[in-house]
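As a plain string of letters, each chain reads:
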Amino acid sequence: MASVIGYSAPINLKALPATSSLNDTDLVLIQVGGQLQAITKADLASALGGGGSEAGYASFILSATYYLFPLTSGAEYKNIPASSWTLEQSSVSTFLVASGDNFVFANTGVYNIDMFLAMYYTTNSSTPYFYVNLETGNDTDGWSVVVSTRDKSTYATFTYQTPSRSISYIYRVSNTTTNQLRIRCFVFGSGYGQAYVYGGKRSMVNVHRIGDLIPT
């Protein structure tokens, strides 16, 4: 039988014993709108954004030794297709799915996205320009840049001494069809050398589901 733990007011919080031994099905009394309500430890953890038993993760690495961007003249935006990344490890095989250029989430929720790219240029005759965008949306409704490594109003320069870019983002996925993810880069063409991203475990995308959607 689940236990109910409650205290009458006033409460000396410093004198309360630690409750780390509670089971997920144990009930805790909380005050909601002036009324006491009982909630399980697991549901409380999920409501507070901890994820509880619903938490999950997936880690992707580039399939090949490196991803080489097509060599063209001029400045262009180029995707690093989600299909170029391979699933390294995951709590569930369908947690995050690569569909063409885009990553598609299996479930709604709040996700923490960490991306690390180890980049390189084949020549160094001139300082090239290269920056990375993390974009959310979908191919039908369009995309929005949520994080960019572009430096203020100028292009973020890329040199041999600064070959890496890191991006972190908290993403609220309320619709798995419309709330997708893609990685897009801005590069200059052949006049500045050919850019590529190191593959294997040198570049990766890590995604953790950190909680359920709650009203804001």
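Residues numbered from 1 in each chain as written. Predicted model: local features only at pLDDT ≥ 70, side-chain atom pairs only at ≥ 80, totals over all residues. Heavy atoms only, no water.

**Q** Is there a simple way to explain the overall build of the chain in this structure?
**A** Looking only at helices and strands, the chain features one helix and 14 strands. Here the chain holds 216 residues, and the buried ones make up 35% of them. Counting only carbon and sulfur atoms, one obtains 51% of the accessible surface of the chain, whose full area is about 11900 Å². (Helix = DSSP H or I, 4+ residues; strand = E, 2+ residues; numbered from the N terminus. Buried < 20%, exposed > 50% of the residue type's maximum accessible area, 1.4 Å probe, protein only. Areas by Shrake-Rupley, 256 points an atom, 1.4 Å probe, with all protein chains shown as cover.)

**Q** Whenever I open this one, the environment of Ile-61 confuses me. Can you help?
**A** Inspection of the secondary structure assignment puts Ile-61 in strand S4 (residues 56–68). Relative accessible area serves as the criterion here: at 8%, Ile-61 is assigned to the buried category. It is 9.9 Å that separates the C-alpha atoms of Ile-61 and Leu-117, two residues lying 56 residues apart in sequence.

**Q** Help me understand the pattern of salt bridges, please; the structure alone is not making it clear to me.
**A** Pairs can form between side chains of opposite charge once their charged atoms are near each other. Following the criterion strictly, the structure yields four salt bridges and no others. In this structure, Lys-78 and Glu-76 form a salt bridge, with 2.7 Å as the shortest nitrogen-oxygen distance. Overall, the relative accessible area of 9% leaves Lys-78 in the buried class. Under the relative-accessibility criterion, Glu-76 is labelled partly exposed at 32%. Among the salt bridges present, the one from Asp-212 reaches Arg-209, with a minimum N-O distance of 2.9 Å. Taking relative accessible area as the criterion, Asp-212 reaches 25% and is therefore assigned partly exposed. Taking relative accessible area as the criterion, Arg-209 reaches 10% and is therefore assigned buried. (Salt bridge = Lys/Arg side-chain N within 4 Å of Asp/Glu carboxyl O.)

**Q** Just checking my understanding: could you explain the sheet that holds strand S14 (residues 195–211) for this structure?
**A** The pairing of strands in a sheet comes from backbone hydrogen bonds and takes either a parallel or an antiparallel form. On the basis of which strands lie adjacent, the open sheet formed by five strands has the order S6-S4-S14-S9-S12 and antiparallel pairing. On the outer flanks of this sheet lie strand S6 (85–90) and strand S12 (164–173), each paired with one strand and no other. With strand direction ignored, the average angle separating the axes of adjacent strands in the sheet is 20°. Of the strand pairs in this sheet, strand S9 (residues 109–121) and S14 are connected by 10 bridges, and their pairing is antiparallel. By the bridge assignment for S14, Ile-113 is matched with Val-207. (Pairing = 2+ DSSP bridges. Axes fitted to C-alpha atoms, helices over the stretch in contact; angles between N-to-C directions.)

**Q** How should the packing of aromatic side chains be read in this particular structure?
**A** Two measures describe an aromatic ring pair: the distance that separates the ring centres and the angle between the ring planes. Applying the stated rule across the entire model yields seven aromatic pairs. When the ring centre of Tyr-198 is taken as reference, the NZ or CZ atom of Arg-202 above it lies at 3.8 Å. (Phe/Tyr/Trp six-rings, centres within 6.5 Å; stacked < 30°, edge-to-face > 60°. Lys NZ or Arg CZ within 6 Å of the ring centre and 35° of its normal.)

**Q** When you look at the nonpolar core in this model, what are you seeing that I'm missing?
**A** In globular proteins that are soluble, nonpolar side chains generally tend to be buried together. Ile-80, Trp-85, Phe-105, Phe-130, Val-132 and Ile-183 are the most contacted members of the largest nonpolar core, which has 33 residues in total. Elements supplying a minimum of two residues to this core: S4, strand S8 (102–105), S9, strand S10 (130–138), S12, strand S13 (180–187) and S14. When residues in this core are grouped by element, the largest group, six residues, is from S9. Not counting chain neighbours up to four residues away, the residues in contact with Val-132 comprise Met-115, Leu-117, Met-119, Val-147, Ser-148, Thr-149, Arg-165, Ile-167, Ile-183, Arg-184 and Cys-185. (Core = buried A, V, L, I, M, F, W, Y, C linked by side-chain atoms within 4.5 Å. Contact = heavy atoms within 4.5 Å.)

**Q** Would you mind showing me how to read the side chain of Asn-112 here?
**A** Summarising the element assignment, Asn-112 is placed in strand S9. A polar contact of 3.1 Å, which involves the side chain of Asn-112, links it to the side chain of Asp-114. Non-local contacts of Asn-112, meaning those with residues more than four positions away in its chain, are made with Tyr-169, Ile-170, Asn-206, Val-207, His-208 and Ile-210. (Polar contact = N/O pair within 3.5 Å; in protein donor to acceptor, adjacent residues only side chain to side chain.)

**Q** Would you explain the pairing of S13 in this entry?
**A** Residues in a regular strand project their side chains so that they alternate between the two faces of the sheet. Counting buried positions over the eight residues of S13 gives seven, a clear majority of the element. Where strand S5 (residues 76–79) and S13 come together, four bridges link them in antiparallel fashion. The partner of Tyr-77 across the bridge, within S13, is Phe-186.

**Q** Is there a simple way to think about the confidence of the model for the chain in this case?
**A** Low pLDDT marks regions whose predicted coordinates should not be analysed in detail. Scored by pLDDT, the chain has a mean of 77; 68% of the residues are at 70 or more. Across the chain, the secondary-structure element scoring lowest on mean pLDDT is strand S1 (residues 4–5), at 50, and the one scoring highest is S8, at 96. Under a pLDDT of 50 for its full length, residues 152–156 has, in the predicted model, 12 contacts with residues more than four places off or in other chains. (pLDDT = per-residue confidence, 0-100.)

**Q** Sorry if this is basic, but what is going on with the environment of Val-145 here?
**A** Looking at the secondary structure, you find Val-145 in strand S11 (residues 142–148). Judged by relative accessible area, Val-145 falls into the partly exposed class, the value being 47%. Sequence separation between Val-145 and Arg-182 is 37 residues, and the spatial gap between their C-alpha atoms is 9.7 Å. Discounting chain neighbours no more than four positions away, the residues touching Val-145 are Asn-133, Leu-134 and Glu-135.

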